[in-house]
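Tertiary structure, described
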Amino acid sequence: ARKRNLPQNHSTAATNDAALFFRFTEFCGIAANRDLLSSFFRDSVYRVAQRLGVPVDTLERGERVWFGGARFDVLWPTDYAKVEGNGASLVLLGRYGEARVLLTGDLDSLGEQRLLEMNPTLSAELLQVGHHGSAGSSTLRFLSQVAPKYAFVSVGAGNRYGHPVEAVVGKLNL
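Residues numbered from 1 in each chain as written. Predicted model: local features only at pLDDT ≥ 70, side-chain atom pairs only at ≥ 80, totals over all residues. Heavy atoms only, no water.

**Here's the deal with the pattern of salt bridges**
Note the cut-off: Just to be clear on terms, a salt bridge is a Lys or Arg side-chain nitrogen sitting within 4 Å of an Asp or Glu carboxyl oxygen. Think of it in three bands: with a 1.4 Å probe and only protein chains considered, a residue is buried below 20% of the maximum accessible area for its type, exposed above 50%, and partly exposed in between.
A full pass over the atoms with the stated rule returns 3 salt bridges. Arg71 serves as the salt-bridge partner of Asp73, at 3.1 Å between the closest nitrogen and oxygen. We classify Asp73 as buried; its relative accessible area is 10%. Relative accessible area serves as the criterion here: at 21%, Arg71 is assigned to the partly exposed category. Through salt bridges that share partners, Arg64, Arg71, Asp73 and Arg95 make up one connected network.

Written as structure tokens, this is what we have:
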């Protein structure tokens, strides 16, 4: 597995999410799936990053990155599957001591199924709920296997999609 160390010390004085994101990436760079470099990502985020001099790197299953004392193993995507859209999300399993966090990006239920097939013992104390808590994510099989004690959803308040949906919130509260 390729190992890279990301800088440990940085500070931001950002007043909004976009500024914070780009300030953070000045130090750490942007990690993406190789398939995303031929899509909307390339035509938007990648070009802005290039213009700002922010490094962009691709990651795939089996690689590992370090941020401070935390280790992140790349679980998805694989190097043999061509995936696009939400299925192209990077999935990272972070470890800090004994604690584990699963970051699933926009992964949907099909991606969750593939992830479990490749990682039959996958579990984490903290779960970033996939696909913003949409109805197409967070199957009972996936949640019972990962068995998180805590979960968080990346979503704006009052978003037009209604995420997270009540069904996902209900499954998380089981």
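**Here we look at helix H3 (residues 109-118)**
As a reminder, the rule being used: A run of H or I in DSSP becomes a helix once it reaches four residues, and a run of E becomes a strand once it reaches two; helices and strands are each numbered from the N terminus. Directions pointing from the helix axis toward each C-beta atom define the arc. Contacts were defined at the residue level, with two residues in contact if any of their heavy atoms lie within 4.5 Å.
Buried within H3 we find Gly111, Glu112, Leu115 and Leu116. When H3 is viewed along its axis, its buried side chains cluster within an angular range of 135° and face the same direction. On its buried side, H3 packs onto strand S5 (70-76), strand S6 (91-96) and helix H4 (140-146).

**Section: the confidence of the model for the chain**
Caution applies to low-pLDDT parts of the model: their predicted coordinates are not meant to be read in detail. What counts is decided by this rule: Here pLDDT means the predictor's own confidence in every residue, given as a number from 0 to 100.
Here the chain averages 78 in pLDDT, while 74% of its residues score no lower than 70. Confidence over residues 1-27 falls short of pLDDT 50; this stretch has 41 contacts with residues more than four positions distant or in other chains.

**Quick notes on the side chain of Glu63**
The residue Glu63 is located in the loop between strand S3 (56-58) and strand S4 (64-67) in this model. Residue class for Glu63 comes out buried when judged on its relative accessible area of 15%.

**With respect to the nonpolar core**
Just so we agree on the cut-off: Grouping buried Ala, Val, Leu, Ile, Met, Phe, Trp, Tyr and Cys residues that are joined through side-chain atoms within 4.5 Å yields what is termed a nonpolar core.
Grouped together as the largest cluster of nonpolar side chains are 14 residues, with contacts concentrated most on Leu75, Val91, Leu102, Leu115, Leu122 and Phe142. Put simply, the parts of the chain that give this core at least two residues each are S5, S6, H3 and H4. The leading source of residues in this core is H4, at 3 residues. Ignoring any residue separated from it by four or fewer positions in sequence, one finds Leu122 in contact with Leu75, Leu93, Leu102, Leu115, Leu116, Gln145 and Val146.

**Some details on the pairing of strand S7 (residues 99-103)**
Note the threshold: Two strands pair if DSSP finds at least two bridges between them. By definition, the crossover connecting two strands over a helix is right-handed if that path, from the first strand to the second, turns clockwise as seen with the strands pointing away from the viewer.
Of the pairings in the sheet, the one linking S6 to S7 comprises 5 bridges and is antiparallel in character. Residue pairing across strands places Tyr96 opposite Ala99, the latter belonging to S7. Connecting S6 to the next strand, S7, in antiparallel fashion are 2 residues, including Gly97 with a positive phi near 65°. Of the strand pairs in this sheet, S7 and strand S8 (residues 126-128) are connected by 3 bridges, and their pairing is parallel. By the bridge assignment for S8, Leu103 is matched with Gln128. For the crossover from S7 across H3 to S8, the handedness is right-handed.

**Considerations on unusual backbone geometry**
Residue Pro77 is reached from Trp76 by a cis peptide bond, and omega for that bond is 10°. Residue placement: Pro77 occurs in the loop between S5 and S6. Despite not being glycine, His132 has its phi angle at roughly 60°, a positive value. Of note, His132 is situated in the loop between S8 and H4. Overall, the relative accessible area of 29% leaves His132 in the partly exposed class. A positive phi angle, near 50°, is found at Ala147, a position not held by glycine. Structurally, Ala147 is set in the loop between H4 and strand S9 (150-152). Residue class for Ala147 comes out partly exposed when judged on its relative accessible area of 47%.

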